Structure formats: structure tokens, C-alpha cells
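The residues making up each chain are set out below.
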Amino acid sequence: MSTLPAIDTRQDMRLVPAALACWLAALGGLLLGWWTAVAVGLVSAALAGLVLWRARGRPRALGAAAALLVLGLVAAGPVAWRIRDAQRDDLRAVAADGLPASVRVVVAERPKPVRSAGYADQQAGARSVVLTADVRTASVDGRPVASSGRVLLLAPVAQWASLLPGQDVTASGLLMPPRGSDLTVAVLSVRGPPGDLGPAPWWQRTAAGLRAGLHDLCQVLPDEPAGLLPGLVLGDTSGLSPRVEQEFVTAGLAHLTAVSGGNLAVACGAVLLLLRVLRLGPRLSAVAAGACLAGFLVLVGPEPSVLRAGVMAAVALLALALGRRGSALPALAFAVCVLVVTDPAMATDFGFALSVFATAGLVLIAPRWAAGLARRGIPPGFAEGLAIPLAAFLVTAPVLAGMAGSVSLVSVLTNVLAAPVVAPATVLGVLATVTGPWWPGAGKVLVHLADPEARWLITVARHGARAPGAVVAWPGGWTGGLLAAAVLVVLVLAARHRRARLVMAVLVAGALLVFVPVRVIAPAWPPRNWAMVECDVGQGDAVVLATAEPGRAVVVDTGPEPGPVDECLHRLSVDRIPLLVLSHLHADHIGGLASVFDGRAVGAIAVGPGRAPEWAWRQVAVEAAKQGVPLVELSTGERLAWPGLSLDVLGPHYVPARSAGQQDGTTINNSSVVLRARTPAGRVLLTGDVELAAQADLLADGDNLKAEMLKVPHHGSRYSLPAFLAAVAPRVALVSVGAGNTYGHPNKSTMDSLTALGALVTRTDVDGDTAVVGDPSGPAVARRGEPRGPPRR
């Protein structure tokens, strides 16, 4: 664990006012208009002039005022002028018209994949990338437009993901207005491939080769550690599973996969430590560490937090080379000044703000807290281990609360548990990256050595995310951030008084005594004697049917992505699944298949006669073979039974020939397996995504479709026959649907038909996990009440 900087009661604050003024001017200019930057800059310069006139004989005050005067004039001049140019750019003026455009640009950052959950025949994953680029020439609807601004390209992943910073490229598509408050003048939605592609700088090609090499080396590891290690080392989360990514966010560990000062400190610190062991001088050590710093910056890319940390580290290394004792706070303030002046858009970047605040907390707060804990008898190493995450949480919580609309209550604990393995994993990953190209065997050994650390971080994140009350909802936006800051200020001020500390300790103890037994010892979920649960898996399906044996249940469908169905099964304490049924092979029904096997025994995977789409069938077959589980086909008329549960296969009645080629979504939906389950709570009709034709087939078959519970077909879409719903006549109708989905689900007419039949309608986007419990008077419904957020886009 790294040692905190020694406490200096005379912190050099001279650059801090200048950094704050520059940041505030750029922030105001971007949010309110370029004239705000001018006003803030001139006011800062005027205050600095007043201080210079009255502070004769006080060198420190003169130095602070001089820095403030210079930065104020810079903010009122070059910074404001650059913001003005972006806000008055000709391309911005025509972007709102949605016209076709062609631009010649220089790629500024590595393409970032945009992930989305699978739905219908679209496989989950990245289908597009986002690129930031600087315009060289532009034409709109065939007419040339003068522009030298920054554009955001939304482009197909297959053709654009390999582009590198520094490459010239021509892009054509439809213009859209920018959404954020930065220097972006337009967004271009690109459909085709890049045109007239220029060469990338040699150092960018080298860095891309090293990054690709690390990904190749990580293929010897299981999927989750293989995706996490490049994120820890290089901030490259392209291979990180959505499940692990969300768990890191919930557990407060997302900063570990966003390269920042911590990664630079580990990499450069390892070089300095090695050279110190070799007894080399400070100047040579600083030069070597500077070379490491430059190479690392090129390797990971020009992210705002990385650039902030890089400038700060460069200042510290320069101080080391000159033989002066560096100070972290002046280096941080200098980094803020340089970066905001160079790129005013940094002022509104959340990652940049989090990085600056976290560093300031570690410099100003953590050493004092660590010293205070040490004075109370806590060993220094443990004191630092507690002070660092506490200080980071304190200063970043307002930003995170405003940005995410939630506060993680487990982040301090998870960061304490994660801290010991972060540095070893980073060092091993960096060594594997630079060693792999010329010695692959050594690179694989290093990756294997980093595997336990990556697995530990995943374990910490997973258990932290599962903790009861891990995340507390909070107002979002500026209001939520300022409210969180006010609450923290009150708590910190109150903690300075003994009586207030005693009151807070009593309140915390009381809360633990009240809520922990309720949430952990006697949790409200799942309800006793539950018969079935419709899991909230977003825009998809997953149903769990209980047997008479505790921990044993049949699962029908697995949702659009790994994670949600696993969490649902974990909450239900299901560890044995005699049969896993996939109603049909659309992505929103099979996407979570792999996570069902996490710590559970599965007897068999059952499918219907459909084999489309082909990619989905291959995915299911590969997963079944990987898990050593038989893959069986259900037939209409078949009956399956377990203690307390039986299943009758009612459909499908019609499936096109497997040689029929490409099948449309309606055909695949109508090939869904239809099941009627008999449970202690009554009969359940499980319909998959059957649409009008398949519903008509079921009606024509003459079977009694009546059931107390209905899993509403196709997420409550408009393709539901009123006659079919009337034939079922459910008392409870369960709709599995994702919050904020763009498909119009559930449809109002379908919901009205169910309500007219007297059914109690539940929706996972509103109710979260929904359970049906047997009751003498009929089926009763229990709602968990924590629905998932909008689907990832």
C-alpha cells in the first residue's frame, strides 16, 4: 500500500485560487455562454490587481495574486474566445436541421464502444462506437461550411472500432445537434465505412499493438478476469462483461477501470523504486520515470483524468530532477490550469472533476485523518488503508450523487478490501503488456499471476453489489450534488464535537439494529411459499417456478444479459435447476444463459423446435457443451413433473422448416414454447412471445387455456388477441418489460383488455421482481419494488 504524503501544515496554496478561477470561468462559459467566461476572468483579474496593490511585502500573497491575474486574463481572453468560436460555429448552426453532411476530420480519441442489451434477433454487445474528432473541412447538403470545431461521430463498430488517434478520415452521415455542454459543435450519425483513411502516427500503432497483445494474452483466463485485467491496466473495458461493469459501479469500484493518477502512480512508482534499489541518482530516476509516464499516456489514450494525472506527475518529476521537494497540491493546481486552458471542455467532464476532487482529498484530508487514527493507536498501514477510501468517498460523493442519482454505501468497505491487490495487478498487467510482444510465454505467466487479483476484485464487487441497501437513491443533477455536499459538510462539522459524534454513533447503531435484522436476518424477499416469480431482467423474460423442495426450481428464459437473472435466482436461494427452458431463441430470452450456471447445478436445457436465429442456436449449443449439460427438445403434448410442480407443453403448433433460411421476428416469436404449469398457487400459462397467428392456433386447438396466472405474451405488445386473453381469463397478468424501453411495451390496448377481464396486472418496470403466492382465497401477489433502470443504449 502506498504511503501518503507527509502532512505539511504550510500547504502551498498560491496556485489554488488561479486554478479555481480558471475552472469556474470555463464552466460558466460552457453552461451559460462565452461572455460568462469573460466576466469571471475579468473579475478574477481585478481582485488579483487589488491584492497586488495592497499586499506589498508579503511574497506568498503576491505570488497567489500574480497567478490569479495571469489566469484571469487568460480565461477572459483565449479561453472565452475558444468557447465563443465553438458556440458560434457554422456547423453547429445547421446541425439541428438533420441534413446530410460530409466531414474531413482528425480522430482525437480512441473509439469507445456503445453497448446495448440484446433484443429479438439482435445479439447483445457493441453495435456502434463514439469517436471524438476535430473538423478540417465540412460540407452540408452539398454546400461547403466553414468549421474548425469538434464533432462526435456515431459509427458502426465493425468498420470504425480500429481507428486510432491522429488518423485523417472522411465521414458521411446525418447531422444532429450536440447534447452536452462542451466544445462539440455537432453529432454525425455515420452509416457507412470511413473514407480516405490516412495513416496513424507510429506511436499510436505501437500502442494499439500492445493493447491488442494484452487482450490476446488474457484469453488464457476465464471470461470475467480476462475482460477486467485490460480495464485495470489500460482503462480498456471493451471486453468487460456488462454484469461486472454494473457490479463495479454499484460497489463503488468503477474508478478502478478508469485510468487515472492511481495507475500512473503505480507505474512510475515501480520504476522509481527499482532505480532507488539500484542506487541511481534523482535526476536519472526522474528521466526514466518521465519516459515511463510518456509511454503510459500514449498507451492508454488522452482521457481527461489521465491527462490531469500526467501533467501533475510531470510537474512532480521535474521538481525531483531539480532537487526540490515537490508538493502535490501545487502540482494538482498547475495541472488544472494547464488542462482547462488547453481544452476548456475539461471543465464540464465528470471524470476530470472526480479525478481532481479525489486527488485533492488524498492530499488535504487523508494524511490528517491517517495521522489522527495513528494517534489513537491504529497501526499506520491500517490507518492509511481506512483514511484513503474515506477521504475519497467524502470528496467525490457529491459529484457521484449528482451524476448517478444514487449513493453507494458500501464503497468505503469495498475499496478497503480491494486496495491491497490493485497495485500488484496493475504492475503485472503493465509488465505483461510490454513483455508479451517479444516473449509471449513470459506474458502469459504474468497474466496468470494477475488472475487471482482480478478474481478477488470481481468477488468484492459482486458481494458488495449484493449487500442489502448497497445503493441509496438520491436526487440527480446539480440539485442532488449540492444537497449531498451540504449533508456531508454538516456531518463533518458535527463530527468535530464530541456530543455530536456520540449522537451520530447512537443513530448509526440504532439503524444497524433496526435495518440489518430486517434486511439480512429476516428479509422481506422472497415471500414465504412463493410459487412463481417473474424476475425483473429489463426488456426480456425470466420466470422461476418453485418445486416442493427448497432451493430447487424450474427456470423459463434468462433475460437479455448476464447478471439480472443470476441476481434474481440468488435472492430466491435457488441452487438446483432440474430444467432450464428457453421458450425461443431471441436475444432477450437467452442472453443471461451463462450466468444461470454460476454456482448452480442445472439438469438440462430444453428448447422448442425452432433453430433461428442461427447465431443464437450456436450460442446455446456451445454453452450447453461447455457446461456439460444435455440439450433436449420439447414436443407438444409432452408432460414433465416434479414434486409440487408439473408442466404441460401446449405449443408451438407450427414451426417453419429448418431449411427455410432467414426467418423474420414474427415467425420466431410464433415458434415460442407455450407451457401450462400447475403450482400450489394455481395454473400458470407461460406464453413466450407468441403473436396473433400462434394465439389463434392455441384457440383453434380446443385445449382449455384457462389459467389463474398469465405471463402476458411478448411483453404486453399490441399483438394480442382479445379472444385469446378472454380464453385464459387470468386473475393475475404478469408483464415482463424494461423501464424506458423504446418498443412501446406494454401496449395500452392490451393492458385495457386485461383490466376489463378483471385481472390484476403487474409490470416488472414498475414493481420489480413479482412473486405469486398460494392463498386459500386465490393467488396473491408480492412485489419486490426495486425495478431495474432503463435498458443500456
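See the structure shown above.
All values reported here derive from a predicted model rather than from experimental measurement. Going along each chain's sequence as written, the residues are numbered from 1 onward. Restriction of local features to residues with pLDDT of at least 70 applies here, the model being predicted, together with a cutoff of 80 or more for giving and counting side-chain atom pairs; totals for whole chains, interfaces and linings are based on all residues. Side-chain numbers here rest on the full set of heavy atoms in the structure, without hydrogens or water.

A.B. asks: How would you sum up the overall build of the chain? Please name residues and give values.
C.D. replies: Under the DSSP-based scheme used, a helix requires at least four consecutive residues in state H or I and a strand at least two consecutive residues in state E, with every element numbered from the N terminus. Along the chain, the regular secondary structure elements total 28 helices and 26 strands. For 793 residues, the compact-globule estimate of 2.2 N^0.38 gives 28 Å, and the C-alpha radius of gyration of the chain, at 30 Å, lies within 12% of that figure. Using a 1.4 Å probe on the protein chains alone, a residue whose accessible area is under 20% of its type maximum counts as buried, one over 50% counts as exposed, and one in between counts as partly exposed. Among the 793 residues that make up the chain, the fraction classed as buried is 49%. Any pair of residues with heavy atoms lying within 4.5 Å of one another is described as a contacting pair. Put simply, of all contacts in the chain between residues at least 6 apart along the chain, 71% involve residues at least 24 apart. Accessible areas in this description were obtained via Shrake-Rupley with a 1.4 Å probe; residue shielding takes into account the shown protein chains only. Carbon and sulfur atoms make up 63% of the accessible area of the chain, which amounts to about 35,800 Å² in all. Under this rule, positive means Lys or Arg and negative means Asp or Glu; His and the chain ends count for nothing. Charged side chains are reduced to one point each, which is NZ for Lys, CZ for Arg, CG for Asp and CD for Glu. The positive charge centre, built from 65 side chains, and the negative charge centre, built from 54, are 13 Å apart in the chain. Only the C-alpha atoms count toward the radius of gyration. The rule for a globule is 2.2 Å times the residue count to the power 0.38.

A.B. asks: Now, about helix H10 (residues 282–300): what can you tell me, with residues and values included?
C.D. replies: The length a helix should cover is 1.5 Å for every residue beyond the first. An ideal rise of 1.5 Å per residue puts 27 Å on 19 residues; H10 measures up with 26 Å between its terminal C-alpha atoms. Positive phi shows up at Gly 301, right after H10, with a value of about 100 degrees.

A.B. asks: Could you give me a rundown of the sheet that holds strand E20 (residues 674–679), with the residues and numbers involved?
C.D. replies: When DSSP locates at least two bridges between a pair of strands, those strands are taken to pair. The strand order across the open sheet formed by seven strands is E18-E19-E20-E21-E22-E23-E24, and the pairing between neighbours is mixed. Looking along the sheet, the strands with just one partner apiece sit at the ends: strand E18 (639–642) and strand E24 (760–763). Averaged over neighbouring strand pairs, the angle between their axes works out to 20 degrees when direction is ignored. Here four bridges tie E18 to strand E19 (residues 645–651), and the two strands are oriented antiparallel to one another. Counted as the bridge partner of Ala 641 is Ser 646 from E19. Throughout, an axis means a line fitted to C-alpha atoms (over the contacting stretch in the case of helices), and angles, computed between N-to-C directions, take values from 0 to 180 degrees. In the packing of helix H27 (residues 748–756) onto the sheet, the strands contacted are strand E22 (709–711), strand E23 (732–735) and E24, and the crossing angle to E24 comes to about 145 degrees.

A.B. asks: Could you give me a rundown of the state of the cysteines, with the residues and numbers involved?
C.D. replies: Should the sulfur atoms of two cysteines be covalently bonded, the bond is a disulfide. The rule for a disulfide is simple: a pair of cysteine sulfur atoms within 2.5 Å. All told, the structure shown has one disulfide when counted by the stated rule. Note on cysteine connectivity: Cys 535 is disulfide-linked to Cys 568, with sulfurs 2.1 Å apart. Judged by the sign of its S-S torsion, about -70 degrees, the bond between Cys 535 and Cys 568 is left-handed. Highlighted residues: Cys 535 in the loop between strand E10 (530–534) and strand E11 (543–546) and Cys 568 in helix H20 (residues 564–571), separated in sequence by 33 residues.

A.B. asks: Any chance you could break down the packing of aromatic side chains for me, citing the residues and the numbers?
C.D. replies: Put simply, two rings from Phe, Tyr or Trp (the six-membered ring, in Trp's case) pair if the centres are within 6.5 Å, and we call them stacked under 30 degrees between planes, edge-to-face over 60, tilted for the rest. In this structure the tally under the stated criterion is four aromatic pairs. Where Trp 23 meets Phe 357, the ring centres are 5.9 Å apart and the plane angle is 45 degrees; that geometry is what we call tilted. One end of the pair, Trp 23, is in helix H1 (residues 16–32); the other, Phe 357, is in helix H13 (residues 350–364), with 334 residues separating them in the sequence. With relative accessibility at 11%, the residue Trp 23 sits in the buried group. In this structure Phe 357 comes out as partly exposed when scored by relative accessible area, which is 32%. Relative to Tyr 743, the ring of Tyr 119 lies with its centre 4.1 Å away and its plane at 20 degrees, an arrangement referred to as stacked.

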